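Per-entry structural report
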Amino acid sequence: RGPYCCPPPAAMLVKLETKSNRVKGISFHARLSFVLSSLHNGSIQFWDYRTGSVIDKFEEHDGPVRGVCFHVSQPLFVSGGDDYKIKVWNYKLRRCMFNLLGHLDYIRTVQFHHDYPWILSSSDDQTVRIWNWQSRSCIAVMTGHNHYVMCAHFHPKEDLVVSASLDQTVRVWDTSGLREKTVAGASTPGARGGAPDVFGTTDAVVKHVLEGHDRGVNWAAFHPKQNLIASCADDRLIKIWRWDDSKAWEVDTLRGHFGNVSCVIFHPQRDLILSNSEDRTIRVWDLTKRTGIHTYRRENDRFWVITAHQASNLLAVGHDSGMVVFKLDRERPIAQSNASTLFYVQDRQVFSRDMDKAAGSERMLFACRRAANQMTSGMRYLCMNPFNSSTSEANCLIYYDQDGGAYDLLMTADVSRPDKSQTHQGQCQGICFTARNRFAVLSKDGSISIMNLNNENTKKFEAPNGMTPDNIFPGGNNRLVIKGEDKLVLYDLTSRKVINELTMSGGARYCVWSPNFSHVALLSKHAIVLADKNFALLHSVHETARVKSGAWDENGVFICATATHVKYVLPNGDSGIVHSLVRPIYIQRIARHHMYYVDRDNQVHKDRLNSAEYLFKLALHKRQFNDVKTWIKNGRLCGNVVIGYLKKQGFPEIALHFVEEQQTRFNLALEYGHIEEAMTAAQALDDKDCWTRLGVEALRQGNQQIVEMVYQKTRNFDALSFLYLITGNTTKLKKMLAIAEKRGDVMSRFNNAMMLGDIEERVKVLSEVGQVPLAALTAQTHGLTELQELLAEGVQGVDIGNAIPADAELLLPAIPVHRADAEHTNWPLLMSTQAIFENNLAQAAAEAAHAAAQAEEPPMEDAMEALDVDDDPGAGWGDDDA
């Protein structure tokens, strides 16, 4: 089911608002979500308006920066300030590349040409200059103004420049000669290394001089498509001029500002003019009717500059304390899906389209009422009747926010005959369908009426619990969701009772039901709340980016789109990212691993959805282990995120089935004690540190074989000897004694001899290293008379017997408690990953078979008893003894 919404109309649809020093210049990036603001304190701020964060700051200008402009394709922007310098910056390298010097006073505006390697600048030195930023030279100086030149702009298509000056004139310059001279490769003054003539050159000539303002002109701008120019001045007027090849003349004057008009532009997509002023207002004018449409006011801040994004509906204004990026109207497409059919509004007509078919299956159903003005469409959302299963007839509700809130009820008994449709109208604050032939209307006084399809009131009631409703959403058949501020009430229209209540901070903007009305997702600006059909809370998710739309798939997973990502939310609360987005989308349907969505241009798209990750998690949550095994083998799941998820859910051993990177496999296996998998990974890595860590874990588990191999790999002879001692393996301990002798390691020989109880070897070692008294003492203590006689010469005159205590005991190795044999070398081990996985699958299959057998014809008493038996939540994975 598609979303139903009715966000209250706002004075300004703000995308980004910044707080800073006075903003004098603004520029949008042509493709990326970047905007530059140049400040009166000499700083340039680099913003991402989609995330609302400042990316960088550039502070090399000395004094106010009045002009700034992005290059259309290169990672460059240009700025001009009161230090008489034009600076060209590379925002990727985060530094100024070079300066262009030549102006003799404050620089007011700078602009890159859309095609040529030119920069246009205007200055208080009464000149307009064109620079080649590749050769870093001035190629034209346009003189003629006799006061400060406040702005200069290139025409978006033709070889023209418009400039405005405090000398009360607007001048149009022809730059075709300059283009022919420089773009064709001919020599230019800059290319020759000389400076242009201080009186200007003949490469850029005045084509028209527009006179009519009584005060200094602050701004002039070309229309993007028509031969029109708009100018504004300190006389508080906005003038519209038309020009052709031979002349230019004034068309009309717009009056309404009561202060100096700072800036004026044409809207790039609509027949609108936008202006701002020192009277603290932004005004929107209808270009066709030449009348004012809307005024935005600010309490204390004067406006200085306004600019428009050329590829979207975004606008930006600079004022005394910062910048505001905003929209005149919402860009959200008016659309809703019902099963595989998409209903949407385009050019004020309602169309239907089968999303499973290619483009061209569109069918026009209804015509909508006209917009109140050029600024806004007035339409906010579309409701198709979800309870009508007929394919031949259609019922539609359209909500308008004009006239304080209104609706159209559009009906047709034959979708192939739109000319036979019927229309009913009414006033409301919110609407939605509640049954096949009923819909609810929220009145402005807070009462709710149930209407039939003849637009007749059949029932009227007040909102329950004394709440003040501001919107209503569908709640299922004969059910209604009533919203009042942060509270949502699910109300049964038949019993006239409240079923349940939910609280959602910030209030719900959209309500999205699953196709069978078993689950609902409530969307606010930055949150998603999932509930069942009776409004029992399942989970809530908070998002930093704005939540735009969402739809339920056939598995009960909610797929949502934020401003930056497509994400999924499982009923148990687990969520994750499917992929990122370049621009916002509005999801209408999720079916058969495909996502159907509409963009802001009302284009319908069908993309394959990578559902492997969330279906794997869902199968794990439902303990459907056969599906888990399938997704592990075929889903190409990878990454630390999935590993972390498995560890968090208590199934770390499953991760070993799809982790291919050996270091990760080793760490994971070692962390959870799966020694055989760790052994395999260590052999592939063959790293001393890995072998050491493996040996410690193997010793902890009592895996003598792996400990022995690790000590051999790392040549840890002392630890290996001790291992043979505690396991009673005297045969290999004797080999260690022989190895120590070959290595010439005296201390190792002595230790091995002591652990073996080989007294003769100990005496031999002591005598070889010159410790004859100690050797004789050892021989006498243990009664080795033959060795004692051989060592007698080395201890002449020393009575060794006096050094032997009366209660001396023989130093012999202890007897092992358990002597390992060939069959039982190791202590009991943790079960291997493969065994765990296969055992759980077998157990799950056995449980399923047993349940199926019990479900065939259970005796009555057994069936009654089964009602009181709780499922074992610990059954399945992890039940095997370790």
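Since this is a predicted model, take the numbers as computed values, not measurements.

The rules behind the values
Residues numbered from 1 in each chain as written. Predicted model: local features only at pLDDT ≥ 70, side-chain atom pairs only at ≥ 80, totals over all residues. Heavy atoms only, no water. Helix = DSSP H or I, 4+ residues; strand = E, 2+ residues; numbered from the N terminus. Buried < 20%, exposed > 50% of the residue type's maximum accessible area, 1.4 Å probe, protein only. Axes fitted to C-alpha atoms, helices over the stretch in contact; angles between N-to-C directions. Parallel < 35°, antiparallel > 145°, perpendicular 65-115°, else oblique. Contact = heavy atoms within 4.5 Å. Nonpolar A, V, L, I, M, F, W, Y, C, P; charged D, E, K, R; others polar. Phe/Tyr/Trp six-rings, centres within 6.5 Å; stacked < 30°, edge-to-face > 60°. Lys NZ or Arg CZ within 6 Å of the ring centre and 35° of its normal. Expected span 1.5 Å × (residues − 1). Polar contact = N/O pair within 3.5 Å; in protein donor to acceptor, adjacent residues only side chain to side chain. Salt bridge = Lys/Arg side-chain N within 4 Å of Asp/Glu carboxyl O. Pairing = 2+ DSSP bridges. 1 Å grid on protein atoms, 1.4 Å probe; cavity = no way out; pocket = protein on both sides within 12 Å on 5 of 7 lines; lining within 4 Å. Points joined across faces, edges and corners; volume = space filled by probe spheres on them. pLDDT = per-residue confidence, 0-100. Left-handed = near helix turned anticlockwise from the far one by under 90°.

Here we come to the overall build of the chain. Each helix and strand in the chain was counted, giving 18 helices and 56 strands. Within the chain, the fraction of its 882 residues that count as buried is 52%.

Right, let's talk about the packing of helix H11 (residues 717–726) against helix H13 (residues 746–756) for a bit. In the contact formed by H11 and H13, the axes pass within 11 Å of each other and the chain directions differ by 5°. What the angle tells us is that H11 and H13 run roughly parallel. Within the contact between the two elements, H11 uses Asp 718, Ser 721, Phe 722 and Leu 725 and H13 uses Ser 748, Asn 752 and Met 755. Residue composition of the contact of H11 with H13, grouped by class: 3 nonpolar, 3 polar and 1 charged.

Once that is clear, we can look at the packing of aromatic side chains. Per the counting criterion, the structure on display carries 26 aromatic pairs. With a centroid separation of 5.1 Å and 20° between ring planes, the pair formed by Phe 461 and Tyr 491 is classed as stacked. Of the two residues, Phe 461 is situated in strand S41 (residues 457–462) and Tyr 491 in strand S44 (residues 487–492); the sequence distance between them amounts to 30 residues. Both residues of the pair, Phe 461 and Tyr 491, count as buried. Taken together, the aromatic side chains of Phe 34, Phe 46, Phe 58, Phe 70, Phe 77, Trp 89 and Tyr 91 make up a single cluster linked through ring pairs. Here Lys 24 stacks its cationic end above the ring of Trp 304, 4.1 Å away from the centre of that ring. For the cation-ring pair, Arg 589 lies above Tyr 596, with the distance from its terminal atom to the ring centre recorded as 4.9 Å.

Taking 1.5 Å per residue, 14 residues should reach 20 Å; helix H9 (residues 688–701) reaches 20 Å between its end C-alpha atoms and fits that length. Along H9, the positions that sit buried rather than exposed are Cys 690, Trp 691, Leu 694, Gly 695, Glu 697, Ala 698 and Gln 701. Along its buried surface, H9 packs onto helix H7 (662–671), helix H8 (675–685) and helix H10 (704–713). Regarding H9, its N-cap is Asp 687, as a side-chain oxygen of that residue lies 3.1 Å from the backbone nitrogen of Asp 689 further along. Immediately downstream of H9, the backbone of Gly 702 shows phi near 85°, a positive value.

Another aspect to go through is the pattern of salt bridges. One pass over the full model with this rule turns up 31 salt bridges. Residue Asp 401 is joined to Arg 380 by a salt bridge in which the shortest nitrogen-to-oxygen separation is 2.9 Å. Of the two residues, Asp 401 is situated in the loop between strand S35 (394–400) and strand S36 (406–412) and Arg 380 in strand S34 (residues 379–384); the sequence distance between them amounts to 21 residues. Because the salt bridges share partners, they merge into one network encompassing Glu 17, Lys 19, Arg 298 and Asp 301.

What follows concerns the sheet that holds strand S32 (residues 349–354). Whenever strands of a sheet pair, they do so through backbone hydrogen bonds, lying parallel or antiparallel. Taken in spatial order, the 4 strands of this open sheet run S30-S31-S32-S33, and their pairing is antiparallel. Among the strands making up the open sheet, the edge pair consists of strand S30 (335–338) and strand S33 (363–367). Averaged over neighbouring strand pairs, the angle between their axes works out to 25° when direction is ignored.

Our next topic: the environment of Asp 574. Turning to its location among the elements, Asp 574 is positioned in the loop between strand S52 (565–569) and strand S53 (575–580). Between the alpha carbons of Asp 574 and His 539 there is a distance of 9.0 Å; along the sequence they are 35 residues apart. The residues contacting Asp 574, other than those within four sequence positions of it, are Tyr 568, Val 569, Tyr 645 and Gln 649. In this structure the side chain of Asp 574 is engaged in a polar contact, spanning 2.9 Å, whose partner is the side chain of Asn 572.

Judged by pairing direction, the sheet is antiparallel, and its 4 strands sit side by side in the order S19-S20-S21-S22 without closing on themselves. At either end of the open sheet lies a strand with only one pairing partner, and these are strand S19 (217–222) and strand S22 (248–255). Ignoring strand direction, the axes of neighbouring strands in this sheet form an average angle of 20°.

This part takes up the layout of surface pockets. Roughly 1000 Å³ of internal volume is contained in the second largest pocket. Lining of the second largest pocket is provided by 38 residues; of these, Cys 69, Gln 111, Thr 307, Ala 308 and Gln 310 occupy positions nearest its centre.

Next up on the list: the environment of Leu 453. Counting through the fold element by element, Leu 453 comes out in the loop between strand S40 (447–452) and S41. By relative accessible area, which is 18% here, Leu 453 ends up buried. Separated by 29 residues in the primary sequence, Leu 453 and His 424 place their C-alpha atoms 8.9 Å from one another.

Below, the discussion takes up unusual backbone geometry. At Gln 168, a residue that is not glycine, the phi angle is positive and equals roughly 75°. In this fold, Gln 168 is placed in the loop between strand S16 (160–165) and strand S17 (169–174).

Here we take up H7. Listed in full, the buried residues belonging to H7 are Arg 665, Phe 666, Leu 668, Ala 669 and Leu 670. Downstream of H7 by a residue or two, Gly 673 has a phi angle that is positive, lying close to 75°.

Here Arg 66 shows up in strand S7 (residues 65–70). Look at Arg 66 and you get buried, because its relative accessible area is 14%. A distance of 2.6 Å separates the side chain of Arg 66 from the side chain of Asp 82, its partner in a polar contact.

A few words now on the confidence of the model for the chain. As a general rule, the predicted coordinates of low-pLDDT regions are not to be interpreted in detail. Residues with a pLDDT of 70 or more make up 85% of the chain, whose mean pLDDT is 84. Across residues 1–10, where pLDDT falls below 50, the model places 41 contacts with residues more than four positions away in sequence or in other chains. Long-range and interchain partners of residues 185–197, a stretch whose pLDDT sits below 50, account for 14 contacts in this model, where long-range means more than four residues apart.

Let us look at the packing of H8 against H9. Viewed as axis vectors pointing N to C, H8 and H9 meet at an angle of 160°, and their least axial separation amounts to 10 Å. Overall, the two elements H8 and H9 adopt an arrangement that is roughly antiparallel. In this structure, the crossing between H8 and H9 has a hand that is left-handed. Residues Ile 675, Ala 678, Met 679, Ala 682, Gln 683 and Leu 685 of H8 lie in contact with H9, whose contacting residues are Cys 690, Trp 691, Leu 694, Glu 697, Ala 698 and Gln 701. For the contact of H8 with H9, the residue count by class is 9 nonpolar, 2 polar and 1 charged.

One can find Thr 169 in strand S17. A polar atom in the side chain of Thr 169 sits 3.5 Å from the side chain of His 145. Other than its neighbours up to four places away in sequence, Thr 169 contacts His 145, Ser 163, Ala 164, Val 209, Leu 210, Glu 211 and Val 217.

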